[in-house]
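Inside the fold
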Amino acid sequence: MNASAFINLFLFPGLLFAVPAAWFFVWGEHKVTARMQRRIGPPLLQPFYDFVKLLGKRTPSRRGLEANLLRLYPALSVLSLLGALALLPVFPRSLSFSGDGILLVALLELPSICFILAGFTSGSIYGEIGAIREAVLSVANNLVFLLAMVTIAVTRHTFRLSALAGPAIDPGHWLGVLGILICIPAKLRLNPFSTSSAEQEIYSGPLTEYAGAALGMWKLAHGLEWVALTGLVTTLILPVGGSLLGHALLFVAVSFLLALVLSAAAAATARFTLERSVRFYWQLAAVLALLAISSAVYMGLRS
Amino acid sequence: MSILSRLMHKSRCKSPSLFHLNTGSCNGCDIELVTCLSPRYDVEQLGIHLEGSPRHADILCVTGPVTRNTLEAVKQVYAQVCEPKTVVALGSCPASCNVFAGSPVIEGPLSKHIPVDVYVPGCPPHPDAIINGIARAAEILAQRGVPQAAQGEPQR
């Protein structure tokens, strides 16, 4: 492993940056929600205290394959998100190979799959319902997400992330960025697409049977997903270049701002039913597909 | 206490998560509990939040006089909350069955079935009293997690 890979995986935007950033972004989400509801909200270190407390819980001992699978899913989610964060082209050309955009999409998809599998493996009816909802919603919103990524890749003629970083004049690029932004609430299970973790309806959904350290890992995965998804959009819109430290700080600031905006939108909306959410994404996907195909055909005719 | 135990102790005090269990309450206490989360009292500042599953919570807040239909549920949910845990009996009903004492469908005060750590009497109790009770339960919870030998040490 060379030096830049080590830095990306373990320092920035990898482990050492990612975990505190995850807690910071989760705090931002709760703070914005509180402020929108005319409350004060939690203190800055709240997600950290929640995590440490969960590590100290004495969980029931489960045995067998089921138990090991249940422990595997949150760990897999956290690891895949750390990998996705390491791949983000914050400093393009530092770590890039052709097709790494596809790897990024796959790594971003794994936590959702683990969430669904955890719901089915947990043996709880609430887990099953939550997993079904997440699976259906995931199919719908991934249509839009993948179409958006393809649109962006088509404008640059490559899936290599270092080539995709930074803004472009092309309207296809901005269409793709908008598509990804609209998918983020469903991926993070925020309002109005929070149907798979609807506490008033299905307790904690797939996470109902989780406790202790494994639950702490799920919450950490949620925070890392915040950082990874807002970071992806930020790398697509921020111009590259400038000093290392300045660009890194700008990356964090813009990601955090995006997180605050999405949290405000979540606090301002109510939950859609599953049917309504799916219909929204399918309609959006149809529109995006049309625009993406016509944009690709137009570019093909031009060149 | 070592630095890790102190960190765990502080985290348990700073992050008490509740699971609310209604065992046949008239909903008066439930409304007052949810009022604590509303902008007027805003207990999220103290790290208190309601969890969706008993396995996620530390503090079990029980309202209602434990009707015959809910007795099994009370025992099961209490078993599902992971150690260390505390129980808060919210309102006068779990403490003494209040006006329902002597009814054939009431299984008696909560302490007959599960150990109760904090009582918050009232019909319904004021949200300030509820917050006080939960804060006291969080302290008991943090103390409960400390090993027996260390519990005798003076608190710094």
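Keep in mind that what you see is a predicted model, and the values were worked out from it rather than measured. (Residues numbered from 1 in each chain as written. Chains lettered and ligands numbered in written order. Predicted model: local features only at pLDDT ≥ 70, side-chain atom pairs only at ≥ 80, totals over all residues. Heavy atoms only, no water.)

Residues and elements named next belong to chain A. Scanning all chains against the criterion turns up 18 aromatic pairs over all chains. Geometrically, the ring pair formed by Trp23 and Phe48 is edge-to-face, given 5.4 Å between the ring centres and 65° between the ring planes. Linking Trp23 in helix H2 (residues 15-36) with Phe48 in helix H3 (residues 46-55), this pair joins segments that are 25 residues apart in sequence. With a relative accessible area of 25%, Phe48 lands in the partly exposed category. Judged by centre distance (4.8 Å) and plane angle (40°), the ring pair of Phe193 and Tyr281 falls under tilted. Within this pair, whereas Phe193 is found in the loop between helix H8 (171-187) and helix H9 (199-202), its partner Tyr281 is found in helix H12 (residues 274-302), the two being separated by 88 residues in sequence. The exposure classification of Phe193 matches that of Tyr281, with both residues buried. The cationic tip of Lys187 hangs over the ring face of Phe145; the distance from NZ or CZ to the ring centre is 4.4 Å. (Phe/Tyr/Trp six-rings, centres within 6.5 Å; stacked < 30°, edge-to-face > 60°. Helix = DSSP H or I, 4+ residues; strand = E, 2+ residues; numbered from the N terminus. Buried < 20%, exposed > 50% of the residue type's maximum accessible area, 1.4 Å probe, protein only. Lys NZ or Arg CZ within 6 Å of the ring centre and 35° of its normal.)

For the rest of this paragraph, the subject is unusual backbone geometry. Leaving glycine out, the prevailing phi sign among residues is negative, and the prevailing peptide bond configuration is trans. Residue A:Pro13 is reached from A:Phe12 by a cis peptide bond, and omega for that bond is -5°. Structurally, A:Pro13 is set in the loop between helix H1 (3-11) and H2. A:Asn191 connects to A:Pro192 through a cis peptide bond whose omega is -5°. Relative to the helices and strands, A:Pro192 is located in the loop between H8 and H9. A positive phi angle is found at A:His157, which is not glycine, with a value near 60°. Mapped onto the secondary structure, A:His157 falls in the loop between helix H6 (125-156) and helix H7 (161-164). Take A:His157: its relative accessible area is 64%, and that puts it in the exposed class. Positive phi is not limited to glycine here, since B:Asp42 has a value of about 50°. Looking at the secondary structure, you find B:Asp42 in the loop between helix H2 (28-35) and strand E2 (49-50). A residue is classified by how much of its surface remains accessible, and B:Asp42, at 3% relative accessible area, is buried.

Bringing the interface of chain B and chain A into the picture now. If you look at the interface, chain B gives 27 residues, while chain A gives 31 residues. Buried surface at the junction of chain B and chain A, summed over both partners, amounts to about 2400 Å²; 52% is from carbon and sulfur atoms. If you sort the residues of chain B by the area they bury against chain A, B:Glu44, B:Arg55 and B:His56 come out on top, with a joint share of 26%. Put simply, chain B and chain A have 6 salt bridges between them. A salt bridge links B:Arg55 to A:Glu209; the nearest nitrogen and oxygen atoms lie 2.9 Å apart. Here chain B and chain A share 20 residue pairs in polar contact (both at pLDDT 80 or more) between them. Breaking the side of chain B that touches chain A down by element, the ones donating at least two residues are helix H1 (3-14) and strand E1 (17-22) of chain B. At 6 residues, H1(B) tops the list of elements feeding residues into the side of chain B that touches chain A. (Contact = heavy atoms within 4.5 Å. Buried area = accessible area lost by both parts, 1.4 Å probe. Salt bridge = Lys/Arg side-chain N within 4 Å of Asp/Glu carboxyl O. Polar contact = N/O pair within 3.5 Å; in protein donor to acceptor, adjacent residues only side chain to side chain.)

Here we take up the nonpolar core. Residue and element names in this part refer to chain A. Grouped together as the largest cluster of nonpolar side chains are 63 residues, with contacts concentrated most on Leu108, Ile180 and Leu224. Here the element with the most residues in this core is helix H10 (residues 212-237); it accounts for 10 residues. Ignoring any residue separated from it by four or fewer positions in sequence, one finds Leu108 in contact with Leu81, Ala84, Phe145, Ala228, Leu229 and Leu232. (Core = buried A, V, L, I, M, F, W, Y, C linked by side-chain atoms within 4.5 Å.)

Our focus in this paragraph is the sheet that holds E1(B). Through backbone hydrogen bonds, the strands of a sheet pair up, either in parallel or in antiparallel fashion. Residue and element names in this part refer to chain B. With respect to topology, 5 strands assemble into an open sheet ordered E2-E1-E3-E4-E5, the strand pairing being parallel. Across the chains shown, the open sheet's two edge strands, defined by having one partner strand only, are E2 and strand E5 (118-120). Pairing of strand E3 (residues 59-63) with strand E4 (residues 86-90) involves 4 bridges; the strand directions are parallel. Each residue of the ladder has a partner; that of Val62, found in E4, is Ala89. Sheet strands touched by helix H3 (residues 71-80): E1, E3 and E4. Its angle to E1, the strand with the most contacts, is close to 170°. (Pairing = 2+ DSSP bridges. Axes fitted to C-alpha atoms, helices over the stretch in contact; angles between N-to-C directions.)

Take the pattern of salt bridges next. Residue and element names in this part refer to chain A. Counted by the stated rule, this structure contains 12 salt bridges over all chains. One salt bridge connects Glu209 with Arg62, and the closest N-O pair in it is separated by 3.1 Å. A residue pair is termed long-range when its members are at least 10 positions apart, and Glu209 in the loop between H9 and H10 and Arg62 in the loop between H3 and helix H4 (65-87) qualify at 147 residues. Note on Glu209: relative accessible area 18%, which makes it buried. Ionic pairing is found between Arg189 and Glu134, a salt bridge with its closest N-O pair at 3.2 Å. Of this pair, Arg189 sits in the loop between H8 and H9 while Glu134 sits in helix H6, and the two are 55 residues apart along the sequence.

This paragraph deals with helix H11 (residues 244-268) of chain A. Residue and element names in this part refer to chain A. For H11, with 25 residues, the first-to-last C-alpha span of 36 Å sits near the 36 Å given by 1.5 Å per residue. Listed in full, the buried residues belonging to H11 are His247, Ala248, Phe251, Val254, Ser255, Phe256, Leu258, Ala259, Leu262, Ser263 and Ala266. Considering only its buried residues, H11 is in contact with H2, H8 and H10. (Expected span 1.5 Å × (residues − 1).)

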